[in-house]
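Chain residues, written in single-letter form:
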Amino acid sequence: MRHIAIIGSGPAGYYTAEAAGKQWEDDARIDVFDKLPVPYGLIRTGVAPDHQSIKGVARRYEKTALSDNVRFVGNVTVGEDVSVAELQDLYDAVVFATGAPEDRSLGLEGEDAANIFGSAAFVGWYNGHPEFASIDPDLSKRHAVVIGMGNVALDVARILSKTEAELAGSDIVEHALAMLRGSNLETITILGRRGPHQIMMTPKELGELMHLDRASPRVDGDDLPPVDDDAILEPGLRKSVTLLRDFAAIPESIHGEKAIAIEFDFFANPVRFISEGGRLTGVEVERTTIEKGRATGTGETYVVPADVAVTCIGYRSSAIDGVPFDERQGRFANDEGRILPGLYCVGWAKRGPTGTIGTNRPDGYGVIEKLAEDIGQGGRKRGREGFDELARDRGLDIVTFRDWQKIEEAEAAAAREGAPREKFVDIESMIAARK
């Protein structure tokens, strides 16, 4: 019998559990750990609340979670409640599928001013992540700045600009909806240090900006390269740039009908946050040019008004004591998923925050192939039985998948009209709901 511990219950974790189940069927026991009492990781707390179709992939993970050889072990923090070394003593392999939950920092002067947030915190806030439910952004003033040119930046800008009616079918949490209800934002500036040909935004997400009730996207036509230059782009990026050209062609009369302007500011590298009395008032940026694909400063600076700012510049995995970590890349140090004998990583913890949800499937299957080579028939370890004994001795309050289903039922029952759920935003309420 092989005993596998997977740390993290998001897409990477459950695809790995699925692969292990197919590889060994009844000859493996797979425990999927999570520090939260609820599963699914970024599907629950990272995917935009108005993208419910994407969240539907959780049904696939539920099938894996309910199989006889897979168990969800929620409300257990590896590194605190149980050490990595203890798990290694109990399981033939420990796989980190912990994602990249920490924001990368810009490291700029003034970044500690009030009302500046990283995207992990801000997205976690409107998605009800217990660690970020209380950050309390102030949206009462006019100007927001979103730093970054990827889909997360688009998610943040779109959520900030949507009406309550547009969010009716989403699972945005009530405290965020209440704050957005009282928002006075008039401009949302998306800052990017490079140009239109270097964006990481996909056509679907960009296209959504064309259909907002009270906001319209603005692009300065002078920022766009000649149309003929688009021919060298890969098809997806070419579609995205075509949408930027469509934004630039929107008549001023249409913009005038909308209360909020979503302004794309290209070739703009943030260099300093400006504040008064500890409160953000603007972002100083340096105009750039592109040389061999890289942004180079020109020395010209200007200030973009900002009463709230969200940095969407990427994520890092969380280091764990005793596990080799690549500080520069912000992920576990690994060779194609192998960290050390008996220690593995998968998903963002392995490769950094790149790819789509589906990218984690081949990643999970790939690491299980390596596990099969490395552990053979298993090392006669105690696995689940041994962990349960340890948990009893330490008084750990484990949340099972059946418990999660009760939590899920309670969230669905509490949902406002038209919404799929109203998430619990603190761990105590989640645990209480399983009773």
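This one's a predicted model, so the numbers in the text were calculated from it and none came from an experiment.

Moving on, we get to the overall build of the chain. Assigned secondary structure in the chain consists of 16 helices and 19 strands. The globule rule puts the C-alpha radius of gyration for 435 residues at 22 Å, and the 23 Å found for the chain is close to it. Counting only C-alpha atoms and orienting by the principal axes, one finds that the chain spans roughly 70 × 50 × 40 Å. Residue burial in the chain is summarised as follows: out of 435 residues, 54% are buried. Look at the contacts in the chain between residues 6 or more apart in sequence, and 74% of them connect residues 24 or more apart. In the form shown here, the chain has an accessible surface area of approximately 18,900 Å², with 48% of it arising from carbon and sulfur atoms. Positive and negative charge centroids in the chain, built from 51 and 71 side chains respectively, lie 4 Å apart.

Looking at where Asp27 falls in the secondary structure, it is placed in the loop between helix H1 (11-24) and strand S2 (28-34). Separated by 285 residues in sequence, Asp27 and Cys312 place their C-alpha atoms 43 Å apart. When near neighbours in sequence (up to four residues on either side) are disregarded, Asp27 contacts Met1 and Arg2.

This part covers the packing of aromatic side chains. For the structure shown, the criterion picks out 17 aromatic pairs. Centre to centre, the rings of Phe247 and Phe264 are 5.9 Å apart; their planes meet at 35°, and the pair counts as tilted. With a gap of 17 residues between them, Phe247 in helix H10 (residues 235-248) and Phe264 in strand S10 (residues 260-265) connect regions that are remote in the sequence. Of the two residues, Phe247 and Phe264, neither departs from the other in class, the shared state being buried. Here the aromatic rings of Tyr315 and Trp348 are separated by 6.0 Å at their centres, their planes lie at 20°, and the arrangement is stacked. With Tyr315 in strand S15 (residues 315-316) and Trp348 in helix H12 (residues 348-351), this pair connects stretches of sequence that are 33 residues apart. Overall, the relative accessible area of 17% leaves Trp348 in the buried class. Ring-pair connections join several aromatic residues into one group, and the members of that group are Tyr14, Tyr15, Tyr40, Tyr61, Phe72, Phe401 and Trp404. The residue whose ring lies beneath Arg361 is Tyr365, and the NZ or CZ to ring-centre distance is 4.5 Å.

Here we take up the pairing of strand S4 (residues 93-96). By the alternation rule, side chains of S4 split into Ala93 and Val95 and Val94 and Phe96, which are all buried. Direction of pairing for strand S1 (residues 2-7) relative to S4: parallel, over a ladder of 4 bridges. Opposite Ile4, over in S4, you have Ala93 as the bridge partner. The pairing of S4 with strand S19 (residues 343-345) spans 3 bridges and is parallel. By the bridge assignment, Val94 is partnered in S19 with Leu343.

In a regular helix each residue adds 1.5 Å, so 12 residues correspond to 16 Å; helix H14 (residues 383-394) covers 17 Å between its end C-alpha atoms and thus fits that length. By the burial criterion, the buried members of H14 are Gly383, Arg384, Gly386, Phe387, Leu390 and Ala391. The buried residues of H14 occupy an angular sector of 160° when the element is viewed end-on, so they sit on one face. In H14, the exposed residues that point more than 90 degrees away from the buried face are Glu385, Arg392 and Asp393.

About the criteria used
- Residues numbered from 1 in each chain as written.
- Predicted model: local features only at pLDDT ≥ 70, side-chain atom pairs only at ≥ 80, totals over all residues.
- Heavy atoms only, no water.
- Helix = DSSP H or I, 4+ residues; strand = E, 2+ residues; numbered from the N terminus.
- Rg over C-alpha atoms; globule rule 2.2 N^0.38 Å.
- Buried < 20%, exposed > 50% of the residue type's maximum accessible area, 1.4 Å probe, protein only.
- Contact = heavy atoms within 4.5 Å.
- Areas by Shrake-Rupley, 256 points an atom, 1.4 Å probe, with all protein chains shown as cover.
- Lys, Arg positive; Asp, Glu negative; His and termini not counted.
- Charge placed at Lys NZ, Arg CZ, Asp CG, Glu CD.
- Phe/Tyr/Trp six-rings, centres within 6.5 Å; stacked < 30°, edge-to-face > 60°.
- Lys NZ or Arg CZ within 6 Å of the ring centre and 35° of its normal.
- Pairing = 2+ DSSP bridges.
- Expected span 1.5 Å × (residues − 1).
- Arc of directions from axis to C-beta.

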